[in-house]
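# Coordinate inspection notes
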Amino acid sequence: MKVSVFAKQYSFEDERPFPSCHASTLVVLPGGKVLAAWFGGAYEKASDVAIWMSHRHEGNWSKPYKIADEEGVAHWNPVLYAEGERVWLFYKVGVEIPAWHTRIMQSEDGGRTWTAPRELVPGDIGGRGPVRNKPIRLQDGTWIAPASVERRLADEPGKEIWEAFVDRSPDEGRTWMRSEMVPMDDRSLVGTEHGPSKGLIQPTLWTSGGSRVHMLLRSTEGFIYRSDSEDSGLTWGMAYRTVLPNNNSGIDAVLTDSGLLALVFNPISGYTTDSPRTPLAVCFSSDNGMTWGEEFVLEDEPGEYSYPAVIACGDELLITYTWRRERIAFYHLKLTR
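Nothing here was measured: the structure is a model prediction, and the numbers come from that model.

Along the chain, Asp-48 falls in the loop between strand 3 (34-41) and strand 4 (50-57). In the structure, Asp-48 is positioned 25 residues away from Val-73 in sequence and 6.8 Å away in space, judged by C-alpha atoms. With residues up to four places along the chain from it excluded, the contact list for Asp-48 reads Gly-40, Gly-41 and Ala-42. Polar side-chain contacts of Asp-48 include one of 3.0 Å to the backbone nitrogen of Ala-42.

Structure (structure tokens):
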């Protein structure tokens, strides 16, 4: 696999209207325009954290602008999804993760104007829809969104269990039905012995055709986990450990038109929330994620390079990620075999 760099940029340079930013997402629109969003504010969980956006046109990024801000409450984990000029923005609001509410906004003109935010699932507490990574559309038109929840254990104060599922929408985001939780073998998960949480969260999805859907998951176990579905994401097989290391940080994957699966992740093991988040690399699989080949390193200096988002356009990859919590970095890569 040969990887060529078309561009490496930042969605904003020196001037930024917030001290900290994290958890980016991106889409590409007709004509090559790119939209990126992230959350930014004083620090993660601060009451001034809002959802910010920037767009890239003819190789240049606009100044960041605020797209969603409910005064006095932290915003989290925006997720963009686009079909043509239609764009959807999902994000979370709430002080604590177990009490998240999910919002959705929609644009019919490539992100120039947006509807007012509304609840994705009225009355939900804990989070529905895409928790951090993009939805995918199945052959029958159903959207499936990679979802997860983090809930406190009533019988173990200070402890949490992380669980993953998918949310399914047959009508382009108007209504949602959640799948069963992804089964985990609790005996093989040792997170509670070493930290406050254990489990699997923030899946990334792809389909290998028909009703076959697959996910890779962030874990507290030092490795990426995987689960597979044979019924379009309604039910899932027992999650199992892969050979891919995970440092308890976000991952994202995408299937290219040629069938190549690309995964962006930190290729190191770890558990704690302050585990090193460098290097950051892209890894490739040509057999539906069963084996993985060489890595292309995006960052390997000291610092935090994390929470990637990746989309594919033909044989090209567009990637954004957190750069030291100071900027959102952008890569445009060309793949050739």
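The subject of this paragraph is the nonpolar core. Ile-51, Ile-67, Leu-80, Leu-89 and Trp-114 are the most contacted members of the largest nonpolar core, which has 21 residues in total. Those elements giving two or more residues to this core turn out to be strand 2 (20-28), strand 3, strand 4, strand 6 (65-68) and strand 8 (86-93). Of all the elements, strand 8 adds the most residues to this core, at four residues. Ignoring any residue separated from it by four or fewer positions in sequence, one finds Ile-51 in contact with Ala-37, Trp-38, Phe-39, Tyr-65, Lys-66, Ile-67, Ala-68, His-75, Trp-76, Pro-78, Leu-89 and Tyr-91. Residues Val-310, Tyr-321, Ala-329 and Leu-335 belong to the second largest nonpolar core, which totals 20 residues.

A few words on the layout of surface pockets. The space that makes up the second largest pocket amounts to roughly 550 Å³. Around the second largest pocket sit 22 residues that line it, and Lys-134, Ile-136, Val-254, Leu-255 and Ala-312 are the ones nearest its centre. Of all the secondary-structure elements, those providing two or more residues to the lining of the second largest pocket are strand 2, strand 7 (75-83), strand 11 (136-137), strand 15 (197-209), strand 19 (252-255) and strand 23 (305-313). Residue composition of the lining of the second largest pocket, grouped by class: 16 nonpolar, three polar and three charged.

This brings us to unusual backbone geometry. Looking along the chain, the bond that leaves Thr-278 and enters Pro-279 is cis, with omega of 0°. The residue Pro-279 is located in the loop between strand 20 (261-265) and strand 21 (280-285) in this model. With a phi close to 55°, Glu-58 is a non-glycine residue in the positive phi region. Take Glu-58: it is sitting in the loop between strand 4 and strand 5 (60-61).

The subject of this paragraph is the pattern of salt bridges. A full pass over the atoms with the stated rule returns 17 salt bridges. The partner of Arg-137 in a salt bridge is Glu-83, with the nearest N and O atoms 2.7 Å apart. In this pair, Arg-137 sits in strand 11 while Glu-83 sits in strand 7, placing the two residues 54 residues apart along the sequence. Here Arg-137 falls in the partly exposed class, since its relative accessible area comes to 33%.

Glancing now at the sheet that holds strand 23. Taking strand neighbours across the sheet as the criterion, the four strands line up as 1-25-24-23 in an open arrangement whose pairing is antiparallel. What marks the edges here is a single partner per strand, and that holds for strand 1 (2-10) and strand 23. Each strand axis lies, on average, 20° off the axis of its neighbour in the sheet, ignoring direction.

Among the eight residues in strand 8, seven count as buried, and that is most of the element. With seven bridges connecting them, strand 7 and strand 8 associate as antiparallel partners. Pairing of Trp-76 across the sheet is with Lys-92, part of strand 8. As paired strands, strand 8 and strand 9 (residues 101-107) are joined by seven bridges and run antiparallel to one another. Pairing of Tyr-91 across the sheet is with Arg-103, part of strand 9.

What counts as what
Residues numbered from 1 in each chain as written. Predicted model: local features only at pLDDT ≥ 70, side-chain atom pairs only at ≥ 80, totals over all residues. Heavy atoms only, no water. Helix = DSSP H or I, 4+ residues; strand = E, 2+ residues; numbered from the N terminus. Contact = heavy atoms within 4.5 Å. Polar contact = N/O pair within 3.5 Å; in protein donor to acceptor, adjacent residues only side chain to side chain. Core = buried A, V, L, I, M, F, W, Y, C linked by side-chain atoms within 4.5 Å. Buried < 20%, exposed > 50% of the residue type's maximum accessible area, 1.4 Å probe, protein only. 1 Å grid on protein atoms, 1.4 Å probe; cavity = no way out; pocket = protein on both sides within 12 Å on 5 of 7 lines; lining within 4 Å. Points joined across faces, edges and corners; volume = space filled by probe spheres on them. Nonpolar A, V, L, I, M, F, W, Y, C, P; charged D, E, K, R; others polar. Salt bridge = Lys/Arg side-chain N within 4 Å of Asp/Glu carboxyl O. Pairing = 2+ DSSP bridges. Axes fitted to C-alpha atoms, helices over the stretch in contact; angles between N-to-C directions.

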